[in-house]
Amino acid sequence: PLKYRQRFWSGQPPATFESSGENLRRVNSGDLEISPETVEYFRAMYDASIRYTDDVLAGFLAEVEALGLMDEITLVVTSDHGEEFWEHSRMAHTQVYPESLLVPLLILHPGLQEGRRVAEVVESVDLAPTLLELAGVDLPDGFSGRSLVPFVENRAETGRGSQGYAEVFDVEFVRTVVAQDRSRRFQLVMVEPEWDPVGPWVRGTVTFDVEEGPVRFEGQSFHEPRQIQVEVDGEPHGVQELRPGWQPVEIDLPAGQRTFRLTLTSDGCISPAEVGDGEDDRCLAFQVRQFMPRRFELYDLVADPLAEHDLFRQESEIRQRLAERLLALDWEPRGEGEER
């Protein structure tokens, strides 16, 4: 409503575009420009929406109380995701950084006499078993998540450590684990190219971390030869040519932890339709096998709650421990037609 918009943005809105999913995808891919003022305008409208929601909930609770029902209901307020406003160079909610993952979870329950803040990491998947237990319904075997009723009833043992998991696929497959251990909270992010039974496809650029060289794998281009630009820690490190058909690739590296980047360079792409293969965007990609190019990021969410400073190279013990946890959750994709 207008009165909420005016509280968070004075004057005229900037000349902006319709914030549709398609337009936001174009912004994130670099096909549509977005100005800093437009980002701030969208952020202000989001804040106005939150403030409006506050008042709607206040009115709802006042009506429930007037009906004398507050001692009979459990009310949960949460969100499926947050929003990104260019904190990590994207809009909407396409990544697994704190602005997308950290959401409210508010529980009002007749047994709670006063407000209490719980510092443990919990997950959205925990909500269903919590509601079932509060309703006195038995959980089915193998049910996902854990009940948070011990926290609601203030009988949970806190500080023992907890973790949450999330994933997203948007060109790359990104998985993350957020782990709480007493007063410390870390997030490890793992980025992989698109999975394929034969070998992952790299569309344009892949960045990954290696501890020692040389890097060895087999690679191939699609339909015609392609040039692959190699960078190590942001510096040029030569060019590799990939051709159709698997061929061995070996790239020497300096010693020590390095960030490694392979970028396909091309001044065009012959349409696969012209060679009778139908539409296929692999013509601007290359494939690797006998190697999974993984890139990691590590953040201390207590000291750095906005995840702006990557500690992957500094915190070797923590990154190894969290990487083992994350890879332990590495489920194999099911085959065609199999029930998920």
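Residues numbered from 1 in each chain as written. Predicted model: local features only at pLDDT ≥ 70, side-chain atom pairs only at ≥ 80, totals over all residues. Heavy atoms only, no water.

**Examining the confidence of the model for the chain**
For the chain, the average pLDDT comes to 86, and 90% of its residues sit at 70 or higher. Strand 2 (residues 84-85) holds the highest mean pLDDT among the elements of the chain, 96, whereas strand 8 (residues 201-203) holds the lowest, 79. (pLDDT = per-residue confidence, 0-100. Helix = DSSP H or I, 4+ residues; strand = E, 2+ residues; numbered from the N terminus.)

**Examining the environment of Ala128**
Take Ala128: it is sitting in helix 5 (residues 127-134). When the C-alpha atoms of Ala128 and Leu284 are compared, they prove to be 43 Å apart, with 156 residues separating the residues in sequence.

**Describing the environment of Gly256**
Relative to the assigned elements, Gly256 resides in the loop between strand 13 (247-251) and strand 14 (258-265). If we ignore the near neighbours within four places in the chain, the residues touching Gly256 are Val210, Glu211 and Glu212. (Contact = heavy atoms within 4.5 Å.)

**Some remarks on the sheet that holds strand 13**
Reading across the sheet, the 4 strands line up as 8-15-10-13 and stay open at both edges, with antiparallel pairing between neighbours. Two strands in the sheet have a free side with no partner beyond their single neighbour: strand 8 and strand 13. Neighbour-to-neighbour, the strand axes of the sheet open up by a mean angle of 40°, direction not taken into account. Of the pairings in the sheet, the one linking strand 10 (residues 215-221) to strand 15 (residues 285-289) comprises 4 bridges and is antiparallel in character. Pairing of Gln220 across the sheet is with Gln287, part of strand 15. (Pairing = 2+ DSSP bridges. Axes fitted to C-alpha atoms, helices over the stretch in contact; angles between N-to-C directions.)

**Brief notes about helix 2 (residues 21-29)**
An α-helical turn contains 3.6 residues, so any two residues separated by three or four positions project in the same direction. Along helix 2, the residues that are buried comprise Asn23, Leu24, Val27 and Asn28. Projected down its long axis, helix 2 shows its buried positions confined to an angular sector of 140°, all on one face. Lining the buried residues of helix 2 we find strand 3 (91-92). Phi turns positive, to about 85°, at Gly30, one or two residues after helix 2. (Buried < 20%, exposed > 50% of the residue type's maximum accessible area, 1.4 Å probe, protein only. Arc of directions from axis to C-beta.)

**Focus on empty space enclosed by the protein**
Following the criterion strictly, the structure yields 2 cavities of 30 Å³ or more and no others. Quantified by volume, the largest cavity comes out at close to 50 Å³. Together, Val171, Glu172, Pro193, Glu194, Trp201, Val202, Arg203, Thr205 and Val206 line the largest cavity. If you list the elements that add at least two residues to the lining of the largest cavity, you get strand 8 and strand 9 (205-210). Broken down by element, the lining of the largest cavity gets its largest block of residues, 3 residues, from strand 8. Each residue belonging to the lining of the largest cavity can be placed in one class, and the counts come to 5 nonpolar, 1 polar and 3 charged. In this structure, the second largest cavity spans a volume of roughly 40 Å³. In terms of lining residues, the second largest cavity is bounded by Phe217, Ile228, Gln240, Leu242, Val249, Ile251, Leu262 and Phe286. (1 Å grid on protein atoms, 1.4 Å probe; cavity = no way out; pocket = protein on both sides within 12 Å on 5 of 7 lines; lining within 4 Å. Points joined across faces, edges and corners; volume = space filled by probe spheres on them. Nonpolar A, V, L, I, M, F, W, Y, C, P; charged D, E, K, R; others polar.)

**Section: the nonpolar core**
Soluble globular proteins tend to bury their nonpolar side chains together. Among the nonpolar cores identified, the biggest contains 18 residues, and Phe260, Leu262 and Phe286 are the most heavily contacted of them. Secondary structure elements with two or more residues in this core: strand 9, strand 10, strand 11 (226-232), strand 13, strand 14 and strand 15. If we ignore the near neighbours within four places in the chain, the residues touching Phe286 are Pro200, Trp201, Val202, Gly204, Val206, Gln220, Ile228, Leu242, Leu262 and Leu264. (Core = buried A, V, L, I, M, F, W, Y, C linked by side-chain atoms within 4.5 Å.)

**With respect to the packing of aromatic side chains**
According to the stated counting rule, one finds 11 aromatic pairs in the structure shown. Ring geometry for Trp201 and Phe222: centres 6.5 Å apart, planes at 80°, overall edge-to-face. Remark: Phe222 occurs in the loop between strand 10 and strand 11 and Trp201 occurs in strand 8; sequence separation between them is 21 residues. Each of the two residues, Trp201 as well as Phe222, counts as buried. Measuring from centroid to centroid gives 5.6 Å for Phe217 and Phe291, while their planes differ by 15°, and the two rings are stacked. (Phe/Tyr/Trp six-rings, centres within 6.5 Å; stacked < 30°, edge-to-face > 60°.)

**Here we look at the side chain of Glu297**
Counting through the fold element by element, Glu297 comes out in strand 16 (residues 295-300). Judged by its relative accessible area of 8%, Glu297 is buried. Ignoring sequence-local partners within four residues, the contact set of Glu297 consists of Tyr97, Gln187, Leu188, Val189, Asp310 and Phe312.

**Quick word on unusual backbone geometry**
Phi at Trp86 is positive, roughly 75°, even though this residue is not glycine. With respect to the helices and strands, Trp86 occurs in the loop between strand 2 and strand 3. The partly exposed category is assigned to Trp86, whose relative accessible area is 37%. A positive phi angle is found at Gln290, which is not glycine, with a value near 60°. Judged by relative accessible area, Gln290 falls into the exposed class, the value being 62%.

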